[in-house]
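Each chain is listed here by its residues.
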Amino acid sequence: MSANGNGKRLHTISVLVEDKPGVLTRVAGLFAARGFNIDSLAVGPTAEPGLSRMTIVVQVDRKPLEQVVKQLNKLINVIKIVELEPGEAVERELMLVKVRAEGETRARVLEICDVFRVRVLDVTHKTLTIEGTGTPEKLQALLELLRDFGIVELARTGRIALARGDAGIRDRGRRLKAVGEREAE
Amino acid sequence: MKVTGAQALFMALEREGVEIVFGIPGGAILPAYDPLIDSKIRHVLCRHEQGAGHAAEGYAWATGKVGVAMATSGPGGCNLVTPLADAKMDSVPIVAITGQVPTPVVGNDAFQEADITGITMPITKHNFLVKDANELVETIRAAFHIARTGRPGPVLVDIPKDVQLQEITWRWPEEVDLPGYKPTTKGNLKQVREAVKLILASERPVLYVGGGVIKADAAKELYRLAVDGRLPVVTTLMARGAFPDDHELALGMPGMHGCYAAVTAMQKADLLIALGARFDDRVTGQLSTFAPEAKVIHVDIDPAEIGKNRAADVPIVGDAKDVIVKLHAELKRRQEEIGGPPDRSAWLATLERWKREHPLRYEQPSDGPIKPQFAIQRLYEHAKDAIVVSGVGQHQMWASQFWRFSEPRTWINSGGLGTMGFAIPAALGAAAGRPDKRVIAIDGDGCFQMTAQELATSTTERIPFITAVINNAHLGMVRQWQELFYEERYSQVYLSHEVPDYAKLAEAYGCVGLRAEHPEDVDAVIEKALSVTDRSVVIDFRCDPREMVFPMVPAGASNDDIILGPEQIKPTKDPSEAPVA
Ligand SMILES: Cc1ncc(C[n+]2csc(CCOP(=O)(O)OP(=O)(O)O)c2C)c(N)n1
Ligand SMILES: [Mg+2]
C-alpha cells in the first residue's frame, strides 16, 4: 500500500457486476464524473455465469471513496462491492515487458529474471520479452531494475485480488455501505 | 399469443397502468405508433420532444405516477436529454421510450442514429437498449420498477426498429429480476429510537423537509409528527406543500431565497431532522458555517445522500413515510412516558418573533408598475387550490415564496437542474394528469419563449391551463446577479416587454390572451382568466424589471449573512464557485 503526499491512499475494491452491455462504461463513467482517477481496472468473468468481477485500484481519501462506493452501489448492474484491505487480501498482477538485451547486458537481464523468478517468453538478437507475475510492489521493483537497460514496451493487466480465508465475495465479504445502510440490516 | 414487439410494448405499458404518453413520432419509432391507434392509452402529440419529456415530468409530479415520453431515434432522443437530466436531479419517475435504428446498422452512423443510451447514461437512473423483442416486455417491466421505487428517477428504453417489428410470444413476467437493485425502504428501529432520544433532548429542533416527503406521499404523517412533537418545519423548494404554510409551526422555505425565519432557525438549531432532503448548496449556503450547533438526524432512501455534504449523527436509510411513521410512534410513546413534549416555548416564541419581525415584503405603489410579487399574491388569492408550476428564475422564487401552499403535489418546478422552459410543458402534463384541478404556470418571459410551442398542444389536445407570464422584459435572475455582483454592468439580459406580444401569441396558439399593465388591472384580468375553462389562457403581466428577489444569501456566503432587502446590499463579487441560478 503506497501513499502519496496528499494523504491519499491506494484502495483496492472488488466489484461484482452483472455481465450486461455497458456495465464497464457505467462504472468507469461514474469514477470520471466524480473526478477520480482509476489507477487500474481489471475485468473478467467469475465462476458464476452472467457475473463479472472488476478489481479497481483508486487513489483517494476515505470519505470520497465512501461516496464513490455508495454511488457504485446505486448502479443497477452492480451486485456487491467489497474493499480489500492490504493485509487481508492476496493481490497479483501480470505484466509483459520487452527489454533491450544485447551483448553483455543480456546476461545481466537474465540474472535479474532469475532473482525475481520471472520467465522469458520471447528472445531476439536485440530484446527479451519477460512475463512478470506478482504483487504490484514486486513488479514495480523489477521494472525499476529493467529500466536501466531500456524498455521497448510494457503491458500490465492491473491488479486482481481476492480476500484471504474461506469466504467468497457473495457470502461474507465486508460490503462497503452507507453508515445508515449498515445499521439498517 | 403472437405479437410484434411494438404491440407487446403497448400491452406492457397498459399492464403498467399507463394512461397517457407524451411524444412525437418519427422513422425509427414508426412501428410503435401503429398499435397505439388500437390501444386504450392516450397519446398527446407534443410539438417538441423536450416538451414531451417535461410534460411526462409534470404528470409524474402532479399524480405520483410514472410519466411516459416517447420519441424517435437521433434528434428525437437527443431532445429528451434536458428533461431526463431534470428528472434525474429532482428524482422524478419517468420512462422514456425511444426508437433506434435497426440492430444490423447500430454503430454504423445510420440515418438518425445517436447512441442515446451512451448519451443518457449519466442522466438516467438506468437505461436499456433492447436487442431482442423477447426481452422487451421484461425490460419495460424493469424500467417502470426502477423508475418508481427506491429514489425515483428517469429510465430510458431504446428499441431498435427491427425489434419493434419482430414477432414474439406474449408473456407477462410476474417477477422483476434485478439482483443488483434492492432499495432499503424500511427504517431501522434502533436508529429510530436513537433519533427520538435526540429529539427529546433537543431544545431547538427543526424539521428540515425535502422533496422525498412529497415523493413518499408522507405529508399526513409529517403533519402528525410535527404537531404531536411540537416541531417547527421548513419546507425546501422541492417540498413546498408538504406542510401547510399557514400552520403556526411552518417557517416557510429555507435557502438562498428563503424566509428569514426558516434560514435563521436552521442556523440556530441544535437539531436538524432532515427528511428526504439532501443538504443542497442552495439550502446550506457556505457549508462550513451552516447550522454550526446542530446535530443531524438524516432520513433518506438513498444511502449516498447521507453524509455526502453534512455528517449525520443518526443516519436512517428508508422510505420517508415508513421512517416518519416509526419516528412518530416512538416519539409519542416516549412523550407519553414523560408527560408530553419537552418545554420548548422559548424557541417557538423566538421563531414566532422572527416570522413577525421579518416577513417577506415588497411594496406595490398604486401608480407604479406591477410588482411581480403583487401579481403572484393576487393570483393566489383568487385560485388558492390550484396546482402551481413554475419556470426558473426570479418568478420561480417569488412563486415559491408568496404562494401559500397547503397540499402536497400542488407545487411543481425544476429545482436541481434549474431548467428554463420547464413550466409550460410541465403544466400541460400536470393538467393532463389532474383534469379535476386548475393548473397555473407562473412563468418568466425568458422561460416562456423556450417552450411556448406546447400551448399549441394544449389547444389541440384540449388540455387547458393558465400561464401567468411575469414579464419583466429581462432574464431577471441573471440581471439581479449582474446588479449585485457585477457593478450593474448588464450584459445580454434585456429581452423586451413588447416582443413577442404575449397576448397575440396566445391567440395565435388558440388560447385566450390577456394583459395587465397597471396594478389596478390585475384582479380583473385574473378573474377573466379564471372564467375561461375550455381553453388555455396566457396573461401578460407587465412587471417592474427592477424588482429583485429577497431575502438573499449570496452564493457561497454564510446563511448568517442573509440580506433582507436592497438597503442591506454590500458590494461583493460573484464568488467563483457559485453558478448562476
Ligand atoms: C436552459 C437554461 N438556460 C439558462 C439558464 C440561466 N438562467 C437562470 S435564470 C435565467 C433568467 C430567466 O429569465 P426569465 O424566464 O425571464 O425569469 P425571471 O428571472 O426574469 O423571472 C437564466 C438565463 C437556465 N437556468 N436554464
Ligand atoms: Mg424575466
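Residues numbered from 1 in each chain as written. Chains lettered and ligands numbered in written order. Predicted model: local features only at pLDDT ≥ 70, side-chain atom pairs only at ≥ 80, totals over all residues. Heavy atoms only, no water.

## A look at the overall build of chain A
Right, on to step 1. Tallying secondary structure elements over chain A gives five helices and nine strands in all.
Right, on to step 2. Out of the 185 residues in chain A, the part that is buried amounts to 43%.
Right, on to step 3. The contacts of chain A with a sequence gap of at least 6 include a subset with a gap of at least 24, amounting to 74%.
Right, on to step 4. Looking at chain A as shown, the accessible area adds up to about 9,800 Å², and 51% of this sits on carbon and sulfur atoms. (Helix = DSSP H or I, 4+ residues; strand = E, 2+ residues; numbered from the N terminus. Buried < 20%, exposed > 50% of the residue type's maximum accessible area, 1.4 Å probe, protein only. Contact = heavy atoms within 4.5 Å. Areas by Shrake-Rupley, 256 points an atom, 1.4 Å probe, with all protein chains shown as cover.)

## A look at the interface of chain A and chain B
Right, on to step 1. Counting from both sides, the interface comprises 21 residues of chain A and, opposite them, 22 residues of chain B.
Right, on to step 2. The contact between chain A and chain B buries some 1,800 Å² in all, and 59% of this surface belongs to carbon and sulfur atoms.
Right, on to step 3. Taken together, the connections running from chain A to chain B amount to one salt bridge.
Right, on to step 4. Notably, a salt bridge pairs A:Lys74 with B:Asp302, separated by 2.5 Å at the nearest N-O pair.
Right, on to step 5. Listed by contribution, the elements that provide at least two residues to the side of chain A that touches chain B are α1 (23–33), α2 (62–74), β4 (78–84) and α5 (179–184) of chain A.
Right, on to step 6. Residue contributions to the side of chain A that touches chain B peak at six residues, all from α2(A).
Right, on to step 7. Of the residues belonging to the side of chain A that touches chain B, the class tally is seven nonpolar, seven polar and seven charged. (Buried area = accessible area lost by both parts, 1.4 Å probe. Salt bridge = Lys/Arg side-chain N within 4 Å of Asp/Glu carboxyl O. Nonpolar A, V, L, I, M, F, W, Y, C, P; charged D, E, K, R; others polar.)

## Concerning the packing of aromatic side chains
Here a ring pair, both rings aromatic, is described through the centre-centre distance and the interplanar angle of the planes.
All names here are of chain B.
Right, on to step 1. For the structure shown, the criterion picks out 13 aromatic pairs over all chains.
Right, on to step 2. Ring centres 6.1 Å apart and planes at 90° place the aromatic pair Tyr 260 and Trp 354 in the edge-to-face group. Placement of the pair is Tyr 260 in helix α12 (residues 260–268) and Trp 354 in helix α15 (residues 345–357), with a sequence separation of 94 residues. For the pair formed by Tyr 260 and Trp 354, the shared burial category is buried.
Right, on to step 3. Following the ring pairs from residue to residue traces out a cluster consisting of Tyr 380, Trp 403, Phe 405 and Trp 411. (Phe/Tyr/Trp six-rings, centres within 6.5 Å; stacked < 30°, edge-to-face > 60°.)

## Focus on the pairing of strand β5 (residues 89–100) of chain A
Residue and element names in this part refer to chain A.
Right, on to step 1. Alternating positions in β5 separate cleanly, Ala 89, Glu 91, Glu 93, Met 95, Val 97 and Val 99 being buried on one face and Val 90, Arg 92, Leu 94, Leu 96, Lys 98 and Arg 100 remaining unburied on the opposite face.
Right, on to step 2. The pairing of β5 with strand β9 (residues 160–163) spans four bridges and is classified as antiparallel. Bridge pairing in β9 links Val 90 to Leu 162.
Right, on to step 3. As paired strands, β5 and strand β7 (residues 127–134) are joined by eight bridges and run antiparallel to one another. Looking at the pairing, Met 95 lines up with Gly 132 of β7.
Right, on to step 4. Here five bridges tie β5 to strand β8 (residues 151–156), and the two strands are oriented antiparallel to one another. Pairing of Val 99 across the sheet is with Ile 151, part of β8. (Pairing = 2+ DSSP bridges.)

## Let's talk about the pattern of salt bridges
Residues and elements named next belong to chain B.
Right, on to step 1. Across all of its chains, the model carries 44 salt bridges over all chains by this definition.
Right, on to step 2. Between Lys 65 and Glu 19 there is a salt bridge whose closest N-O contact spans 3.2 Å. On the criterion of sequence distance, the pair formed by Lys 65 in the loop between α3 (49–63) and β4 (67–71) and Glu 19 in the loop between α1 (5–15) and β2 (20–23) is long-range, its members being 46 residues apart.
Right, on to step 3. By relative accessible area, which is 37% here, Lys 65 ends up partly exposed.
Right, on to step 4. Using a relative accessible area of 43% as the deciding quantity, one classes Glu 19 as partly exposed.

## Remarks on the packing of α12(B) against α15(B)
Residues and elements named next belong to chain B.
Right, on to step 1. Close contact between α12 and α15 brings their axes to 8 Å; oriented N to C, the two are set at 145°. Here the hand of the crossing between α12 and α15 comes out right-handed. On the side of α12, the interface is formed by Tyr 260, Ala 261, Thr 264, Ala 265 and Lys 268, while α15 contributes Trp 347, Leu 351, Trp 354 and Lys 355.
Right, on to step 2. Here the contact of α12 with α15 is composed, by residue class, of six nonpolar, one polar and two charged. (Axes fitted to C-alpha atoms, helices over the stretch in contact; angles between N-to-C directions. Left-handed = near helix turned anticlockwise from the far one by under 90°.)

## Examining the site of ligand 1
Residue and element names in this part refer to chain B.
Right, on to step 1. Residues in contact with ligand 1 amount to 17 residues; listed here are only the nearest, Gln 394, His 395, Asp 445, Cys 447 and Gly 476.
Right, on to step 2. Here an oxygen atom of ligand 1 sits 2.8 Å away from a polar atom, N or O, in the side chain of His 395.
Right, on to step 3. With the chains in place, 81% of the 580 Å² that ligand 1 exposes on its own is no longer accessible.
Right, on to step 4. Sorting the residues of the shell around ligand 1 by element identifies α17 (394–402), α19 (445–451) and α21 (476–485) as the ones contributing at least two each.
Right, on to step 5. Its residues assigned to classes, the shell around ligand 1 shows seven nonpolar, nine polar and one charged. (Near = heavy atom within 4 Å. Polar contact = N/O pair within 3.5 Å; in protein donor to acceptor, adjacent residues only side chain to side chain.)

## Topic: the domain arrangement of chain B
Where interface size is quoted, it is often the accessible area lost as the parts come together.
Residues and elements named next belong to chain B.
Right, on to step 1. The domains assigned to chain B are domain 1 (2–169), domain 2 (189–357) and domain 3 (372–550).
Right, on to step 2. Each of domain 1 and domain 3 was reduced to a C-alpha centroid, and the two centroids are 29 Å apart.
Right, on to step 3. Across the domain 1/domain 3 interface, buried area totals approximately 2,000 Å², and carbon plus sulfur atoms make up 62% of it.
Right, on to step 4. Ranking the residues of domain 1 by area buried against domain 3 places Arg 47, Trp 61 and Ala 62 at the top, with a combined share of 30%. (Domains from an automatic or database assignment.)

## A few points about the sheet that holds strand β19 (residues 512–516) of chain B
Residues and elements named next belong to chain B.
Right, on to step 1. Spatially, the six strands line up as an open sheet ordered β16-β15-β17-β18-β20-β19, and their pairing is parallel. The open sheet has two edge strands, β16 (411–412) and β19, and neither has a second partner.
Right, on to step 2. Across five bridges, the pairing between strand β17 (residues 439–444) and strand β18 (residues 466–471) is parallel. Bridging across to β18, Ile 442 finds its partner in Ala 468.
Right, on to step 3. The strands that helix α16 (residues 372–382) touches are β17, β18 and β20 (537–542); relative to β18, the one it contacts most, it runs at about 160°.
Right, on to step 4. Relative to β17, α17 is tilted by about 140°, and along the sheet it contacts β15 (387–390), β16, β17 and β18.

## Section: helix α11 (residues 219–229) of chain B
Helical geometry: 3.6 residues make up each α-helical turn, so side chains three or four residues apart lie on a common side.
Residues and elements named next belong to chain B.
Right, on to step 1. When α11 is considered as a whole, its buried residues turn out to be Ala 219, Glu 221, Leu 222, Leu 225, Ala 226 and Gly 229. In an axial view of α11, the angular spread of the buried residues amounts to 160°, which keeps them on one side of the axis.
Right, on to step 2. As for α11, its buried residues are in contact with β9 (205–209), α10 (211–215), β10 (233–235), β12 (271–275) and α14 (320–338).
Right, on to step 3. Note on α11: the residue one or two positions beyond its end, Arg 230, has a positive phi of about 55°. (Arc of directions from axis to C-beta.)

## Some details on the coordination of the magnesium ion (ligand 2)
All names here are of chain B.
Right, on to step 1. With distances of 2.0 to 2.1 Å, the protein atoms coordinating the magnesium ion (ligand 2) are Asp 445 (OD), Asn 472 (OD1) and His 474 (O).
Right, on to step 2. Of note, the magnesium ion (ligand 2) draws all its donor residues from one chain, in the sequence arrangement D-x26-N-x1-H. Pair noted here: Asp 445 is in helix α19 and Asn 472 is in the loop between β18 and α21, with a separation of 27 residues, a long-range link. The same class applies to Asp 445 as to Asn 472, namely buried. (Donors = N, O, S within 2.8 Å, 3.2 Å for Na, K, Ca; no water.)

## With respect to a nonpolar patch on the surface
Right, on to step 1. Judged by side-chain polarity, A:Leu94, A:Leu96 and A:Leu121 come together as a nonpolar surface patch covering roughly 230 Å² of accessible area.
Right, on to step 2. In this structure, A:Leu94 sits in strand β5. (Patch = residues over 30% accessible without salt bridge, like charges linked within 9 Å, V, L, I, M, F, W, Y side chains within 5 Å.)

## Looking at the nonpolar core
All names here are of chain B.
Right, on to step 1. The biggest cluster of nonpolar side chains holds 62 residues, and the ones touching the most others in it are Leu 207, Val 209, Val 213, Leu 222, Leu 272, Leu 275 and Ile 297.
Right, on to step 2. Ignoring sequence-local partners within four residues, the contact set of Leu 275 consists of Leu 207, Tyr 208, Val 209, Gly 210, Val 213, Leu 222, Leu 225, Val 299, Ile 324 and Leu 327.
Right, on to step 3. Listed in part, the 49 residues of the second largest apolar core include Leu 80, Leu 84, Ile 116 and Leu 428. (Core = buried A, V, L, I, M, F, W, Y, C linked by side-chain atoms within 4.5 Å.)

## Concerning unusual backbone geometry
Residues and elements named next belong to chain B.
Right, on to step 1. In this structure, Pro 500 follows Val 499 across a cis peptide bond, with omega equal to -5°.
Right, on to step 2. Within the fold, Pro 500 resides in the loop between α21 and α22 (502–508).
Right, on to step 3. Looking along the chain, the bond that leaves Phe 550 and enters Pro 551 is cis, with omega of -5°.
Right, on to step 4. Backbone geometry places Arg 230, a non-glycine residue, at a positive phi of 55°.

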